[in-house]
Amino acid sequence: MPTPLIDRYRDRLSLEAGDPVVTLNEGSTPLIEASRLSERLGVRAYLKLEGANPTGSFKDRGMTVAVSRAKGRGAEAVICASTGNTAASAAAYAARAGLRGAVIVPEGKIAIGKLAQALMHGARVVALQGNFDDALRIVRDLAGKHPIELVNSVNPYRIEGQKTAAFEVVEELGEAPGALAIPVGNAGNVTAYWRGFQEGGAAPVLYGFQAEGAAPLVHGAPVAEPETVASAIRIGNPARWEEAMAAFTASRGRVAAVSDEQILDAYRWLAANEGVFCEPASAASVAGLLAHGMPVLEDAAPPESVVCVLTGHGLKDPDTALSKAPAVVNCENDLSAVERAVFE
Ligand code: F0G
């Protein structure tokens, strides 16, 4: 059984001594070698399966720490804005801690699995007639007005928890990878990885990827109406903008955009060729490497290995999967009909 992330790394997190541990045994996710991807990229490639966390995304790493701290300081409720995964995770950890939870999501723009999770865990789910950026602005104001703990990645404990994924990567490989590829939305996760690597004395080249229709960091300006099939990263004004850009620069990496078509191609390819079903936003990390390669600054040697962070599980978004997958084969209840259906 995996050890709760806080028990594994407590001395490297900034929790208070008396804080309780609110946990679902998150973290310790698989890092697997991806031989077909390695072949395509011409470099040793690994996949970090963050969809294997208890609620199916990397958000649980930050949430265990943020909700433990919230509970430790006597909070009674938590709130977040979300494109879905933060909502699912916040709702689950709030339920675990005995806190009330409220989540504000963009109406009609979150994957159905994430909505089901938030509702089942008993959070109040508010569908906003606006986008994620509007929702984040509103929850920041609300958290200033009411005694409710904000658990978006503007909360420092979220970043603290999420940095542990970098610790795990280095521990598992026995060294730092040459590079790390990661999807970028609100830019908390890339910020957290960089902090984790730095604290572990590592400095892989960071390649961040945004969806073409939601690529403010690539354009250098906020996007008023972000659009992409990868609903998890449909964000036009990332909260951790400066820190993420500083991380790309310090790591001698960069942020680039991938089209929805490239994202969906990588999404299907990973499922069919590596046996790994991630959500569309997660596939942006692989799509980006396939589209852009791994450019390095002039005087640098090319990285010999790359870890792609697959941030969330494919089951989160069955609608996108089914709309992109081949049709099922309907069949009569009869041996020869089944035979034809299977072998033809
Ligand atoms: N991948 C997935 C599956 C996500 O859910 C998110 C963010 C990201 C990547 C990007 O991470 O924001 O730290 O740069 N989801 C947030 C949410 C915004 O509300 O669930 P980031």
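Rules behind the numbers
Residues numbered from 1 in each chain as written. Predicted model: local features only at pLDDT ≥ 70, side-chain atom pairs only at ≥ 80, totals over all residues. Heavy atoms only, no water. Patch = residues over 30% accessible without salt bridge, like charges linked within 9 Å, V, L, I, M, F, W, Y side chains within 5 Å. Areas by Shrake-Rupley, 256 points an atom, 1.4 Å probe, with all protein chains shown as cover. Salt bridge = Lys/Arg side-chain N within 4 Å of Asp/Glu carboxyl O. Helix = DSSP H or I, 4+ residues; strand = E, 2+ residues; numbered from the N terminus. Domains from an automatic or database assignment. Contact = heavy atoms within 4.5 Å. Buried area = accessible area lost by both parts, 1.4 Å probe. Axes fitted to C-alpha atoms, helices over the stretch in contact; angles between N-to-C directions. Parallel < 35°, antiparallel > 145°, perpendicular 65-115°, else oblique. Left-handed = near helix turned anticlockwise from the far one by under 90°. Nonpolar A, V, L, I, M, F, W, Y, C, P; charged D, E, K, R; others polar. Buried < 20%, exposed > 50% of the residue type's maximum accessible area, 1.4 Å probe, protein only. Near = heavy atom within 4 Å. Polar contact = N/O pair within 3.5 Å; in protein donor to acceptor, adjacent residues only side chain to side chain. Pairing = 2+ DSSP bridges. Core = buried A, V, L, I, M, F, W, Y, C linked by side-chain atoms within 4.5 Å. Right-handed = clockwise from strand over helix to strand, strands pointing away.

1. Concerning a nonpolar patch on the surface
A cluster of nonpolar side chains, contributed by Val 338, Val 342 and Phe 343, occupies part of the molecular surface with about 330 Å² of accessible area. Relative to the assigned elements, Val 338 resides in helix α15 (residues 335-343).

2. Let's talk about the domain arrangement of the chain
Entries for the chain in the domain assignment read domain 1 (5-57 + 159-323) and domain 2 (59-156). Just the C-alpha atoms count here: the centres of domain 1 and domain 2 sit 21 Å apart. Across the boundary between the two partners, domain 1 contributes 47 residues, which contact 35 residues of domain 2. Between domain 1 and domain 2 lies a buried interface of about 3200 Å² when both sides are counted; carbon and sulfur atoms form 51% of it. At the boundary of domain 1 with domain 2, the tally comes to 5 salt bridges. Between Arg 61 and Glu 50 there is a salt bridge, with the nearest N and O atoms lying 2.6 Å from each other.

3. Observations concerning the packing of helix α4 (residues 85-97) against helix α5 (residues 112-120)
Across the interface, α4 lies against α5 with an axial gap of 8 Å and an inter-helix angle of 20 degrees. Looking at the two axes, α4 sits roughly parallel to α5. Note that α4 runs across α5; the crossing there is left-handed. Across the interface between the two elements, Asn 85, Ala 87, Ala 88 and Ala 91 of α4 pack against Lys 114, Gln 117 and Ala 118 of α5. Grouping the amino acids of the contact of α4 with α5 by side-chain chemistry returns 4 nonpolar, 2 polar and 1 charged.

4. Details of the pattern of salt bridges
Enumeration according to the criterion identifies 18 salt bridges in this entry. A salt bridge links Glu 279 to Lys 114, with the nearest nitrogen and oxygen atoms 2.7 Å apart. Placement of Glu 279 in the loop between α12 (260-273) and α13 (280-292) and of Lys 114 in helix α5 is noted, with a sequence separation of 165 residues between them. For Lys 114, a relative accessible area of 0% gives the class buried. One connected set of salt bridges, linked through shared partners, spans Arg 8, Arg 12, Lys 48, Glu 50, Arg 61, Glu 168 and Glu 171.

5. Structural notes on the site of the ligand
Around the ligand sit 19 residues in total, of which Ser 82, Asn 186, Ala 187, Asn 189 and Thr 311 are the nearest. Taking Ser 82, its side chain carries an N or O atom lying 2.7 Å from an oxygen atom of the ligand. Within the contact set of the ligand, an oxygen atom lies 2.8 Å away from a backbone nitrogen or oxygen of Thr 86. Protein chains bury 98% of the 470 Å² of accessible surface belonging to the ligand in isolation. Listing elements by their share of the shell around the ligand, those giving two or more residues are α4 and α9 (188-199). Here the shell around the ligand spans two domains, and each of domain 1 (5-57 + 159-323) and domain 2 (59-156) adds at least three residues to it.

6. Some thoughts on the sheet that holds strand β5 (residues 124-128)
With parallel pairing, the 4 strands of this open sheet are ordered in space as β5-β4-β3-β6. Each edge of the open sheet is held by one strand with a lone partner, namely β5 and β6 (149-150). In the packing of α4 onto the sheet, contacts are made with β3 (77-81) and β4 (100-106), and the angle to β3 comes to roughly 175 degrees.

7. What to know about the nonpolar core
If you look at the biggest cluster of nonpolar residues, it comprises 37 residues, and the most contacted ones within it are Leu 37, Leu 47, Phe 209, Val 286, Leu 289, Val 306 and Leu 310. For this core, the elements supplying multiple residues, two or more each, are α2 (35-41), β2 (44-49), β7 (179-183), β8 (205-211), β9 (254-258), α12, α13 and β10 (305-310). Each residue touching Leu 47, except ones within four places of it in the same chain, is listed here: Pro 30, Leu 31, Ile 32, Ala 34, Leu 37, Leu 270, Glu 274, Val 276, Val 286, Cys 308 and Leu 310. Within the second largest apolar cluster, 30 residues are counted, among which are Leu 13, Val 65, Leu 99 and Val 103.

8. Some words on the sheet that holds β10
The 6 strands lie next to each other as β1-β2-β10-β7-β8-β9, forming an open sheet whose pairing is mixed. With partners counted over all chains shown, the strands left at the sheet margins are β1 (31-33) and β9, one partner each. In this sheet, adjacent strand axes meet at a mean angle of 25 degrees when their direction is disregarded. Here 3 bridges tie β1 to β2, and the two strands are oriented antiparallel to one another. Within β2, the position partnered with Glu 33 by the bridge is Tyr 46. Sitting on the sheet, α9 is in contact with β2, β7, β8 and β10, with an inclination near 155 degrees to β7.

9. As for the pairing of β5
Pairing geometry for β4 and β5, over 5 bridges, is parallel. Each bridged residue has a counterpart across the sheet, and for Pro 106 the counterpart in β5 is Leu 128. Once the chain exits β4 it traverses α5 before rejoining the sheet at β5, and the crossover so formed is right-handed.

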